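Listed below, chain by chain, are the residues.
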Amino acid sequence: MNIHKEYDAISQCNKCGFCQVACPVFRSTGHESGVARGRLALMRAIIEDRIVWSKTLEDPLFNCLGCGACTANCFGAVPTSDLMIKGRAQYLEKVGRKPIHTLLFDQLLPYPGRLHLAARAAAAGKNSGLSRLAGALGLLRVLGRDIAKAERILEKLPATPFRSKVKPGTYEGKGPDLNIGFFIGCGIDIIQQPVGRESFNLLKQYGKTVTVLDNCCCGLPARTYGDMNAAEKLARKNVSVVESSSLDLIVTDCSSCAAFLKKYDQILTPDTREPLRQFPKVIDMVEFLYDHRPEPPDSDRTIAATYHDPCHAVRGQGIAEQNRAVLSGLPGIEYREMAEADWCCGGAGSYALSHYDISMKVLDRKIKNLAAVKADLVVTSCPACMIQLSHGIRRNDLKTRVCHISEMVSGAWKRSVFPA
Ligand code: SF4
Ligand code: SF4
């Protein structure tokens, strides 16, 4: 990767500053280095040899959430988050990758079995208090600068992954003709299994068959980190998983995975792109539920629900109306729009592990808006957003429950709001 090739794109920035108002990092820190204009100026200075590659560039290059809000607010639509990823890729080449990323992207994420074992070990540590001890001793710092603080974001880690209970393979559904591939994101597999279960059952109502895929990580975390080779390797592996299958479409209930799977033609290089011709159309679960809404059971109680737009749904895929239409159409739901619903919650994958304090400032803004709308439920479609929102709700002692849109459509939300 060589960001010199991006000089023209970077130079499109006319320094107008319209991106300031939309940037969650800038609005939280007030630092020009955190906004698109400052980030683009930095990359221009690197290309013009006014700044040399060194570890001091790590923070300004890596503290962008990649939310894309600046591009949406920029007349020239300068793709700052994509340019930052290219800057990170060159940083890794010039300054080096961290051993933890080599372990994660090369040894764990391509192999679901190894990832499950690591998750089991992490669950055992977390649920027994061992990770707190490791944090106190500073051992967790090898994983990332702020990991010891960020460790409290997850309340509990389930001991068994989703695919240990619902094994990869093909299951009979009740539908007439659709053969659906169910792509399991790492967040659903390891942390949000109840969501996976509801999505799986909903897909079985419409698919003639539902195939739980033996996929690995979609590659988004590697790409976000700037590790283009690891991202491409993961994408190739996933493309090969569905090779010569007769799937009509692939559905995933993680909007971040969906956005990235839809971009595989840009991730694979021209010489590895050929098998992609066989890759079925990818659909976000939100889009699937919009097209295939089951008749929901009546409800004799009404609760207020609001929606948080994941960045990878609203800006990554242009999904903004379908989710609201699905939610407002459910009986017993009074839909309330929250202010700045499409602002990043600060989760951004593993952002809080490395930038906990900024992540919490961004989250506080989201939680303030959530508290103001006085909703019983906040609904979304990305496991990372669910984790971050739940953490913000606990930190602020709110009573709001976080649900995935699949849990809303299936009616599972009632179990958490009205326990028997
Ligand atoms: S809005 Fe676009 S053109 Fe204006 S300063 Fe920001 S990135 Fe540059
Ligand atoms: S992608 Fe988001 S965090 Fe990064 S500069 Fe743009 S608005 Fe700010």
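These lines cover the structure that appears in this document, whether it is placed above or below. (Residues numbered from 1 in each chain as written. Chains lettered and ligands numbered in written order. Predicted model: local features only at pLDDT ≥ 70, side-chain atom pairs only at ≥ 80, totals over all residues.)

By nearness alone, 15 residues border ligand 1, and Cys13, Cys16, Cys19, Arg37 and Cys74 come closest of all. Per-element accounting of the shell around ligand 1 gives the leading share, three residues, to helix H3 (residues 36-47). Residues that form the shell around ligand 1 fall into these classes: nine nonpolar, four polar and two charged. (Near = placed C-beta within 6 Å. Helix = DSSP H or I, 4+ residues; strand = E, 2+ residues; numbered from the N terminus. Nonpolar A, V, L, I, M, F, W, Y, C, P; charged D, E, K, R; others polar.)

A separate point is the pairing of strand S3 (residues 207-212). In this structure, strand S1 (residues 169-172) lies alongside S3, joined through four bridges in antiparallel fashion. From the neighbouring strand, glycine 169 faces S3, where its bridge partner is valine 212. Inspection of the sheet shows strand S2 (residues 178-183) paired to S3 by five bridges, in the parallel sense. Residue pairing for S3: leucine 178 is matched across the bridge by glycine 207. (Pairing = 2+ DSSP bridges.)

The environment of ligand 2 is formed by 16 residues, the closest being Cys23, Cys64, Leu65, Cys67 and Cys70. Within the residue set of the shell around ligand 2, elements represented by two or more residues are helix H2 (24-29), H3, helix H5 (69-72) and helix H6 (80-95).

Moving on, we come to H6. If you check H6, its first and last C-alpha atoms are 21 Å apart, about what 16 residues at 1.5 Å a residue would give, namely 22 Å. Residues of H6 that are buried include every one of Thr80, Ser81, Leu83, Met84, Ile85, Lys86, Gly87, Arg88, Ala89, Gln90 and Tyr91, and no others. In the core, the buried residues of H6 are packed alongside helix H1 (7-11), H3, helix H4 (58-62), H5, helix H14 (220-225) and helix H15 (228-241). The positive-phi residue at the C-terminal boundary of H6 is glycine 96, with phi of around 115°. (Expected span 1.5 Å × (residues − 1). Buried ≥ 20, exposed ≤ 12 C-beta atoms within 10 Å, placed from the backbone. Contact = placed C-beta atoms within 7 Å.)

Next up on the list: helix H22 (residues 356-373). For H22, spanning 18 residues, the distance from its first C-alpha to its last is 26 Å, which sits close to the expected 26 Å at 1.5 Å a residue. Within H22, the full set of buried residues consists of Tyr356, Ile358, Ser359, Met360, Val362, Leu363, Lys366, Ile367 and Leu370. Immediately beyond the C-terminal end of H22, within one or two residues, lies lysine 374, with a positive phi of roughly 50°.

With that settled, the discussion passes to the sheet that holds S2. One open sheet accounts for five strands, arranged S1-S3-S2-S4-S5; its pairing is mixed. Strands at the two margins of the open sheet, each flanked by one partner only, are S1 and strand S5 (281-284). Going from strand to strand, the sheet's axes swing by 30° on average, the running direction of each strand aside. Here strand S4 (residues 249-252) runs beside S5; their pairing, made up of four bridges, is parallel. Residue pairing in the sheet places threonine 252 in a bridge with aspartate 284 of S5. The strands touched by helix H13 (residues 193-206) within the sheet are S1, S2, S3 and S4, with S3 carrying the most contacts at an inclination of about 145°. (Axes fitted to C-alpha atoms, helices over the stretch in contact; angles between N-to-C directions.)

On to the nonpolar core, then. Core analysis: the biggest nonpolar cluster contains 121 residues, and Cys23, Phe182, Leu234, Leu261, Cys344, Val379 and Ile405 have the highest contact counts within it. Tallying contributions element by element places H22 first for this core, with seven residues. Filtering out sequence-adjacent residues up to four positions away, valine 379 remains in contact with Ala305, Tyr307, Leu327, Cys403, Ile405 and Met408. (Core = buried A, V, L, I, M, F, W, Y, C linked by C-beta atoms within 7 Å.)

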